[in-house]
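# Observations on chain architecture
Chain residues, written in single-letter form:
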Amino acid sequence: MSNIAIIGAGLAGCEAAWQLVKRGIPVDLFEMRPASMTPTHKTGMFAELVCSNSLRAAALENAVGLLKEEMRQLESFIMKAADKCRLPAGGALAVDRDGFSSYITETLGNHPLIQVHCQELKTIPLNEYEVIIVATGPLTSPGLSEHIQALTGDQFYFYDAAAPVIAADSLDMNIIYRASRYDKGDDDYLNCPMDKPTYEIFWRELINADATPIKEFEKAIFFEGCMPIEVMAARGIDTMRFGPLKPVGLVNPQTTEIPYAVVQLRQDNAAATLYNMVGFQTHLKWPEQKRVFQLIPGLQNAEFVRLGVMHRNTYINSPLHLLPTLQMRNLARTFFAGQITGVEGYVESAATGLLAGMNAARLAAGKEPLIFPQSTAHGALVHYITHADVKNFQPMNINFGLMPPLEHKIKDKKKKNLAIATRALTDLTQFIEKCDNCIA
Ligand code: FAD
């Protein structure tokens, strides 16, 4: 038995395990599948991709492309597997899903420093191990969920019903106007006005759009009164106009009239670089969300940094419970990694696994765990999940809006993103040089 346990051999847990064993530190890796399955996984393999086989955009002008490049610099095992199993997919990094999971399962399963236990843990084994990484993902088993909930108090989420988030600099402010209903609240909201014909086209496209089938265990989300916008729209052409698209009290200063319907956007981060769509939790497929929501006036060029999701998603209130090293604030020898920390996506989950593994190795060796610079994609993502609003913490994909702005303004979006990515990679290189050989 080693001194370090990792619970969950998903994207985060496998990356964390690799980061430890590559530094010569033995690991006990607990994975409950195939003995005990989640409602979504289909195999007993490690790092199963539960839905799409894409690790999203490859280019550096895209924040997830930058995150992947940083992971390569940090000698990520998941990126090595992904690059090895890459399929042709235009600008995206798609992988052969079976080849990807088989490579990871075999490499870790046969590693002399990894002891695999096919076992569901219902508690975090604090008495048996010095350092523990919890990486049990969005579908953490009910028994362990209960234990984590007791450990963290009542700040624990089981479902994610999140509306899309849009980059502020992609909004058309010639169309969108600031106003709060009846002038309450200092013009906090951005308003996308619709006339009758535009609303009717939007409604028709919305009710006919392609949605992801809802699984039985996901239906509980709706009982909590959190109805997908397309389900609401299907109840009648005017239902949305009496709900989240109600125009009452929102005079458009350009026309001095109240529009037929209004889609409201609410500020999503302190830097005001991100806005979420009020009331737009949705089960539509991601390409359909882009197509239909870009019909809304002012959103025709919207860059969706996170699309709407409605699925079982177990995650802790990280801003309350985690340090930027991914250690628990009140239990420093316990790390959390992956989707359970409130990051969203395969790559983001693996990236936090990488940081947790690296920091667990440092802790075990008596060294200070590391906090990455916020100008890097890793640093920005972890900064977000550990500093977001504790009262309304929602999972987040990596996006450039989480990173500090450039000192000089660059108008062209692609060039601006590339400049932020170049700065990130330079800062990461310097950080690695200074951090006492931390990637070795
Ligand atoms: P996982 O990869 O789920 O790994 C967690 C592991 O822990 C699992 O193997 C599980 O069996 C194991 N485990 C759970 N409880 C216990 C326990 N008590 N004891 C031992 N083992 C346990 N992201 C994308 O980028 N693209 C997508 O298309 C996408 N689709 C998704 C679809 C669904 C339905 C869901 C729920 C999520 C989706 N995600 C997607 C989000 C997320 O990126 C993935 O869920 C990702 O796999 C998360 O990585 P992880 O390592 O945190 O968790």
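Residues numbered from 1 in each chain as written. Predicted model: local features only at pLDDT ≥ 70, side-chain atom pairs only at ≥ 80, totals over all residues. Heavy atoms only, no water.

### Focus: the overall build of the protein
Where we set the bar: Helical segments are the DSSP runs of H or I of at least four residues, strand segments are the runs of E of at least two, and each set is numbered from the N terminus. Here the globule rule reads 2.2 Å times residues to the power 0.38, and the radius of gyration is calculated from C-alpha atoms. Burial classes: relative accessible area under 20% of the type maximum marks a residue as buried, over 50% as exposed, and values in between as partly exposed (1.4 Å probe, protein chains only). Whether two residues are in contact is decided by their heavy atoms, any of which lying within 4.5 Å being enough. Residue exposure ignores everything except the shown protein chains as possible cover, and the areas themselves are Shrake-Rupley values with a 1.4 Å probe. Counting rule for charge: Lys and Arg are taken as positive, Asp and Glu as negative, and neither His nor the chain ends is counted. The atom standing in for a charge is NZ when the residue is Lys, CZ when it is Arg, CG when it is Asp and CD when it is Glu.
What the protein contains, in helices and strands, is 13 helices and 17 strands. The C-alpha radius of gyration computed for the protein amounts to 22 Å, which stays within 12% of the reference 22 Å derived for 440 residues, consistent with globular compactness. Along the first, second and third principal axes, the C-alpha set of the protein runs to 70 × 50 × 45 Å. When each of the 440 residues of the protein is scored for burial, the buried share is 53%. Restricting to contacts in the protein with at least 6 residues of sequence separation, those with at least 24 account for 70%. Surface summary for the protein: the accessible area is close to 18700 Å², and the carbon and sulfur share equals 53%. Here the protein carries 41 positive and 46 negative side-chain charges, and the mean point of each set is 2 Å from the other.

### A look at the domain arrangement of the protein
How big an interface is tends to be stated in terms of accessible area lost as the parts join. For the record, the criterion: As used throughout, domain bounds are those supplied by an automatic or database domain assignment. When two parts are brought into contact, each loses some accessible area as probed by a 1.4 Å sphere; the total of that loss over both is the buried area. When a carboxyl oxygen of Asp or Glu is within 4 Å of a side-chain nitrogen of Lys or Arg, the pair counts as a salt bridge.
What the domain assignment reports for the protein is domain 1 (4–159 + 316–437) and domain 2 (164–307). Computed from C-alpha atoms alone, the centre-to-centre distance between domain 1 and domain 2 is 31 Å. Of the residues lining the interface, 15 residues belong to domain 1; the matching set on domain 2 comes to 15 residues. For the pairing of domain 1 and domain 2, the buried interface totals around 1200 Å² over both sides, and the portion due to carbon and sulfur atoms is 54%. The salt bridge partner of Glu 303 is Lys 413, with a shortest N-O separation of 2.6 Å.

### Considering the sheet that holds strand 2 (residues 27–31)
Convention followed: Pairing between two strands is assigned when DSSP locates at least 2 bridges connecting them. Here an angle of 0 to 180 degrees is reported between the N-to-C directions of two axes, which are lines fitted to C-alpha atoms, with helices fitted over the stretch in contact.
One open sheet accounts for six strands, arranged 6-2-1-7-17-16; its pairing is mixed. The open sheet has two free edges, formed respectively by strand 6 (114–118) and strand 16 (327–328), since each of these has just one partner strand. Note: strand 2 against strand 6, five bridges, orientation parallel. Its bridge partner being in strand 6, Phe 30 is matched across the sheet by His 117. Lying on the sheet, helix 11 (residues 346–364) is in contact with strand 1 (4–7), strand 7 (131–134), strand 16 and strand 17 (331–336); it crosses strand 17 at an angle near 155°.

### Focus: the state of the cysteines
Quick reminder of the rule: Counting rule for disulfides: a pair of cysteine sulfur atoms within 2.5 Å.
Tallied over the entire structure, the rule returns one disulfide. Put simply, Cys 435 and Cys 438 are joined by a disulfide, and their sulfur atoms are 1.8 Å apart. Where Cys 435 bonds to Cys 438 through sulfur, the torsion about that S-S bond is close to -65°, and the disulfide is left-handed. Judged by its relative accessible area of 4%, Cys 438 is buried. Among the cysteines around Cys 85, which has no disulfide bond, Cys 14 carries the closest sulfur, lying 13 Å off. Free cysteine: Cys 118, not disulfide-bonded; nearest cysteine sulfur from Cys 14 at 13 Å.

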